[in-house]
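Chain by chain, the residues:
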Amino acid sequence: MSTAQPLSFPAQFLLGSATAAYQIEGAADEDGRGPSIWDTYSHTPGKTWNGDTGDVAADHYHRLDEDLDLMASLGLKAYRFSLAWPRIQPTGRGPVNPKGLDFYSRLVDGLLRRNIAPVATLYHWDLPQALEDEGGWTNRETAFAFADYARVVGEALGDRVAIWTTLNEPWCSAYLGYGAGAHAPGRSDGAAALTAVHHLNLAHGLAVQQLREVTTNDPQYSVTLNFHVLRGEGDGADEAVRRIDALANRAFTEPLLRGHYPQDLLEDTAGVTDWSFVEDGDLARIHQPLDLLGVNYYATTRVRLWDGTTARQNNDGHKDMGGSPWPGSPQVEFVAQEGPHTAMGWNIDPDGLEELLLDLHERFPDLPLVVTENGAAFEDHLVTRPDGSHAVHDPERVDYLHRHFLAAHRALAAGVDLRGYFVWSLMDNFEWGYGYSKRFGIVHVDYETQRRTLKDSALWYRELATTGTIPAPGAGE
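Let me sum up the structure you'll find in this document. Everything numeric in this text was worked out from a predicted model, so none of it was measured.

Pairing is parallel around the closed barrel formed by eight strands, whose spatial order is β1-β2-β3-β4-β5-β7-β10-β13. Direction aside, the axes of adjacent strands within the sheet are offset by 25 degrees on average. Looking at chain direction, strand β10 (residues 369–374) and strand β13 (residues 418–424) are connected through three bridges and run parallel. Following the sheet pairing, V371 is matched in β13 by Y421.

So, about helix α8 (residues 170–180). Within α8, eleven of the eleven residues are buried, which leaves it mostly tucked inside the rest of the structure. Where the residues of α8 are buried, they touch β3 (117–123), α6 (129–132), β4 (163–168), α9 (190–214), β5 (220–226) and α10 (237–257). Just downstream of α8 lies G181, where phi reads positive at about 75 degrees.

Let us now look at the sheet that holds strand β9 (residues 332–335). With respect to topology, three strands assemble into an open sheet ordered β6-β8-β9, the strand pairing being mixed. Two strands in the sheet have a free side with no partner beyond their single neighbour: β6 (229–232) and β9. Going across the sheet, the axis of each strand differs from the next one's by a mean of 40 degrees, ignoring polarity. Bridge analysis of strand β8 (residues 300–305) against β9 gives four bridges, and the strand direction is antiparallel. Following the sheet pairing, R302 is matched in β9 by V335. In the packing of helix α13 (residues 350–363) onto the sheet, contacts are made with β6 and β8, and the angle to β6 comes to roughly 110 degrees.

Taken as a whole and judged by the stated rule, the model has 33 aromatic pairs. Here the aromatic rings of Y123 and W137 are separated by 5.4 Å at their centres, their planes lie at 75 degrees, and the arrangement is edge-to-face. Here W137 lies in the loop between α6 and α7 (140–157) and Y123 lies in strand β3, a separation of 14 residues in the sequence. With a relative accessible area of 1%, Y123 lands in the buried category. What makes W137 buried here is its relative accessible area of 0%. Pairing F405 with W460 gives two aromatic rings, centres 6.0 Å apart and planes at 55 degrees, and the pair type is tilted. Linking F405 in helix α14 (residues 395–413) with W460 in helix α15 (residues 456–467), this pair joins segments that are 55 residues apart in sequence.

For residues that are not glycine, phi is negative in most cases, and the peptide bond is trans in most cases. Looking along the chain, the bond that leaves A184 and enters P185 is cis, with omega of 10 degrees. Residues G339 and P340 are joined by a peptide bond in cis, for which omega reads 5 degrees. Positive phi outside glycine occurs at E169, with the angle close to 45 degrees. With respect to the helices, strands and loops of the structure, E169 is situated in the loop between β4 and α8.

As for its position among the elements, T142 is in helix α7. Not counting residues within four places of it along the chain, the set of residues in contact with T142 comprises W85, L127, L131, G136 and W137.

Another point: helix α3 (residues 64–73). Within α3, the full set of buried residues consists of L64, D67, L68, L70 and M71. The arc that holds every buried residue of α3, seen down its axis, measures 155 degrees, which confines them to one face. For α3, the secondary structure elements touched by its buried residues are β2 (78–82), α5 (98–113), β14 (443–445) and β15 (452–454). Count one or two residues on from α3 and you reach G75, which has phi positive near 75 degrees.

Most of β3 is tucked away, with seven of its seven residues classed as buried. Here five bridges tie β2 to β3, and the two strands are oriented parallel to one another. When the sheet's bridge partners are listed, R80 is paired in β3 with V119. Direction of pairing for β3 relative to β4: parallel, over a ladder of four bridges. Residue pairing in the sheet places T121 in a bridge with T165 of β4.

The rules behind each value
Position numbers for residues count from 1 along each chain, tracking the sequence in the order it is written. Side-chain atom pairs in this predicted model are given and counted only at pLDDT of 80 or more, local residue features only at pLDDT of at least 70, and totals for whole chains, interfaces and linings cover all residues. The side-chain values count all of the structure's non-hydrogen atoms but skip hydrogen atoms and water molecules. A pair of strands is labelled paired if DSSP reports no fewer than 2 bridges between them. We count a stretch as a helix when DSSP gives it H or I for four or more residues in a row; a strand needs E for two or more, and each element gets its number in order from the N terminus. Helix axes are fitted only over the stretch in contact, all axes being lines through C-alpha atoms; the angle between N-to-C directions runs from 0 to 180 degrees. Partly exposed residues are those whose accessible area sits between 20% and 50% of the maximum for their type, while under 20% is buried and over 50% is exposed, using a 1.4 Å probe and protein chains only. When checking whether two residues touch, look at their non-hydrogen atoms; a contact exists if any pair is within 4.5 Å. Pairing of aromatic rings covers Phe, Tyr and Trp, the last counted by its six-membered ring, and requires centre-to-centre distances within 6.5 Å; plane angles under 30 degrees mean stacked, over 60 mean edge-to-face, and any other angle means tilted. Relevant arc is that of directions from the helix axis to the C-beta atoms, nothing else.

Here's what the structure looks like:
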């Protein structure tokens, strides 16, 4: 009887993990950090589960060295983190906070000492509140303030960061923040959401230009998008898919990677906005050469045209706070999908990742890809062993990661230029509107004591990260 050969990734393949500043750092009002829209939103009653905030989160700001040692113990080849704009420029403009920059400089140096490649994201949703007071991402000037911030950070860290990512999931920033009201700043205005889409795209392009001027170590430049892998059903399935693909995916890929907005997107949303916020020269600014495209994938989405009479389903995977993240497409409904599901209610479909990577490679064959986020929340339980040590047995997460890494390997074997894979998340953290009720980490965080405990998924991933070979699901426990 033959035994299947183990599946391995190339030697230079980046096996890492990822976090975001507001979700882990804490120290919300220390060392000169200014307030962000997520500070304001999470402190507003009724916006987050249990009124949870990121004031302390996983206290990473005070536990930097401990967490760096933890990353090294897992054999990570790269670490994807975000910088908190209000920690560096408390009001989003003007004077730089030296203590804020120093924190990230120490983080980058600590990674390099441990032979972990620093992958820095400039924006993971924590817009300085002072800029939101002036309109936030609906204000064109925010894009130029972001470019100035990018230059500041590039001048400080641009000799050491391996990969720069401008934006993380601008879909969430624009549509959930300004359309659905489910994310900060909590606005529910379709026209505002589409305006934010454009100004985020513009901010990306301007930031890439600034970074290229000031960095000195020949880094790579990227943006990370959360792609919606769509499944249509019923009469008009193709139309439902087309409309949501335009809003969710092509509203970003087309201007960022091809230099134009899709005509069908403009037509679909003509009743919401006339797109007059797109000024001459903007698309050229947005369309900057990139070295990598970051791909975030968690689940698929099922859509169909609503019949207009039955109760409209809204199972798009996000909290319902009264607004809609789908301006111009109220005739599309989001259908519940069969399980299994994660604790977020998201379906588990590794084939969707393979399909997405193959599709992106076909559409953009010259652009290397990186899976910048993939992971799952489950109901984790900390157990105490007889010797007093702790463990978290999370076989569902191990199985989830195992199957998704297999899917990524299939895409790689089919010719996709896939350069890396970052598990979300390194540690349990503040899960935005869901507060501390959802745990995505491969490392358990006891929020009372801030004790870190490696879950079985971390032990499994350590074997993958250190050997480059996908272990069996029960390995490492």
